[in-house]
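Examination of the molecular architecture
Here are the chains, one letter per residue:
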Amino acid sequence: MENRDISYLIKQAETYLEKHDSEGFNSFIDQIRVQMKLNPESPLAGDYAHLLIVLAEKGKFEQALQMVEDSGRLKNDLSNVYYNSGDDVIERGEPEAAVEYLNKAIELNPADTDLLGRIYFRQGYALHITEKLDEALKAYDKAVELNPDDNELLAKVYENKGNILGDKGEFNEAINAYTKALEFVPEDNKHQRAHILNNIGQASGKLNKPGVEYFQEAIGLDRNLDVAHANLGRCYLGANNIDEAIKSLLTAIELYSKQWESSRDIQLEAHYLSAYETLARAYKENNEIAKAIEAYRKVIEIEPGYAEAYFWLGVLLVRQGRADEAINAYQSAVKSYPYFTEAYYNLGNILSEKGQVRDAIMAYQEAIELDPDYVEAYYNLANLLSEKGEVDKAIGLYKKVIGLRPKHTMAYNNLGIAYFKKGIYTQAIGSYLKARDLAVNNMELSQIHNNLGVAYAREGSDEDAIRSYQKAIELNSVEAHYNLGLLYKSQGKEPDAITSFRSALEFNRHFTPAQYQLQILTA
């Protein structure tokens, strides 16, 4: 048969293989095997080898091996087939299959050290992706052993070893590997040298050592190295040099955005997202709230399901007084990640402030279900229930708060308020006294002494009430002036009552209850 006829058979076999027509494919394969046995020196060996590649890519290794047996001279070709197929499946995101292919390549051609070095290099890469880090390091060491004079390969090997050692948390060893890689990279290969310097900077940062100089050197070699600009921005932010951080991050984002317009692969998305998120943090820390909001919205545009971005967007919108938008942001956060405890808690806070009590209670309950020890969620839920009149439930929750945090001053204070509402004045006073002993600031003490005064007065202990009000007054409590006036009025001491109501109005001339009482007494 003429060569052109063999070529025809090969092309037809490939066509049937692509169509998944096993019967037609096997028919042409049988004819090809016969022709190759008759003419093993055919100049069409290249076409034949290409068919082997197609077979290997389709996973039809047994048939490929049978064809190799028909022509021993193509054994090296099949080794290359497995090597190339290993590369292909790595690109397709199948690193486990790549390891198998590369092992086959090694078995078929153990004598070709140049090829073996490249195979072990690719095997190391595939093993790294499958998180078999120690095996990957051994494969890279084998590549070095087989190709000690291939500087291009050695540079890649040591750079990848640095990546693995970094993943293992062995950052000093990673830096050593990256430094070794630089020895094999020509000075004029600025792009690769910049990448390695960037990696050294990242590893240094993990050791709490400044990586700024490495990132700056990397940028000096390659002004368009986006990741180095982003990492430099993170370094500046960590050093609280926020203005420089913002400049570097904006440069990184500009470089990423140019790629983003044409290629939206996963790795680019991760870098682009991270740069915008870091920029948002920088703006937030610089109190540039509007710009931080804009940056977080960009993060969400890149990754619409990013719960943490919605969360911080909600925080910032609250700071701008945009409550309804903040509610939407927190709701999006918990929708994207239903286990986001703090988002439920913040949602409860803002719903409570807007008077949406039922929804606020549900949000706090969600937070508590996710974190049964969430003290502030219990506390805020207790406050809502107390205001709503569900005092017994509130008392139970305040006790829960105190059990979790025995020195929670305001839980004792509010527990006292709940007991007061139920008319249990002795227990209310006991709770207030405990709160008083725990209080650490005048604002708390002022409120607690005033509450004590009210409870003592209701219990009939007027002298204790007066002493408590006076202590609150010393701490500038307008309510204590007013309550003391009410007590004096109930005792028939109208001049003292008038003095107290006037003192309340000196603190707050719009304090309506004091105005009303003063009108009654001076009419």
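Refer to the structure printed above.
Residues numbered from 1 in each chain as written. Predicted model: local features only at pLDDT ≥ 70, side-chain atom pairs only at ≥ 80, totals over all residues. Heavy atoms only, no water.

**Description of the overall build of the protein chain**
Short version of the rule: Starting at the N terminus, helices and strands are each numbered in turn, a helix being any DSSP run of H or I of at least four residues and a strand any DSSP run of E of at least two. The rule is simple: take the accessible area with a 1.4 Å probe, protein chains only, and divide by the maximum for that residue type; under 20% is buried, over 50% is exposed, in between is partly exposed. Any pair of residues with heavy atoms lying within 4.5 Å of one another is described as a contacting pair.
In terms of helices and strands, the protein chain carries 29 helices and zero strands. The buried share of the protein chain, reckoned over its 523 residues, is 50%. Counting only contacts in the protein chain whose residues sit at least 6 apart along the sequence, the fraction spanning at least 24 positions is 47%.

**With respect to helix α16 (residues 289-302)**
What counts is decided by this rule: In a helix, the anticipated span is given by 1.5 Å times the number of residues less one.
Compared with the 20 Å implied by 1.5 Å per residue over 14 residues, the 20 Å span of α16 between its first and last C-alpha is a close match. If you follow the buried residues of α16, they end up packed against α14 (242-260), α15 (266-285) and α17 (307-319).

**A look at the nonpolar core**
Cut-off, in case you're wondering: Grouping buried Ala, Val, Leu, Ile, Met, Phe, Trp, Tyr and Cys residues that are joined through side-chain atoms within 4.5 Å yields what is termed a nonpolar core.
In terms of nonpolar packing, the biggest core is built from 156 residues, with Tyr 256 and Tyr 276 touching the most fellow members. At nine residues, α15 tops the list of elements feeding residues into this core. Not counting residues up to four positions away in its chain, the partners in contact with Tyr 256 are Asp 226, Val 227, Ala 230, Leu 268, His 271, Tyr 272 and Ala 275.

**Thoughts on the packing of helix α7 (residues 113-129) against helix α9 (residues 151-167)**
Rule in force here: In this analysis, axes come from line fits to C-alpha atoms, helices being fitted only over the stretch in contact, and the angle between any two N-to-C directions falls in the range 0 to 180 degrees. Under this scheme an angle from 65 to 115 degrees is roughly perpendicular, one under 35 degrees roughly parallel, and one over 145 degrees roughly antiparallel; angles in between are oblique. Here a crossing is taken to be left-handed if its near helix is turned anticlockwise relative to the far helix by less than a right angle, and right-handed if that turn runs clockwise.
For the pair α7 and α9, interaxial distance at closest approach is 11 Å and the crossing angle is 20 degrees. When the axes of α7 and α9 are compared, the pair comes out roughly parallel. Along this stretch, α7 crosses α9, giving a crossing that reads as left-handed. For the pair α7 and α9, contact is made by Gly 117, Phe 121, Tyr 125 and His 128 and by Leu 153, Lys 156, Val 157, Asn 160, Asn 163, Ile 164 and Asp 167, respectively.

**Regarding the packing of helix α19 (residues 341-353) against helix α20 (residues 357-370)**
Spelled out, the test is: Here the nonpolar group is Ala, Val, Leu, Ile, Met, Phe, Trp, Tyr, Cys and Pro; Asp, Glu, Lys and Arg are the charged ones; every other residue, Gly included, is treated as polar.
Here α19 crosses α20 at 160 degrees, and the two axes come no closer than 8 Å. Considering their axes alone, α19 and α20 lie roughly antiparallel with respect to each other. α20 is crossed by α19, and the crossing has left-handed handedness. Of α20, the residues touching α19 (which contributes Thr 341, Tyr 344, Tyr 345, Leu 347, Gly 348, Asn 349, Leu 351 and Ser 352) are Asp 359, Ala 360, Ala 363, Tyr 364, Glu 366, Ala 367 and Leu 370. Taken together, the residues that form the contact of α19 with α20 break down as nine nonpolar, four polar and two charged.

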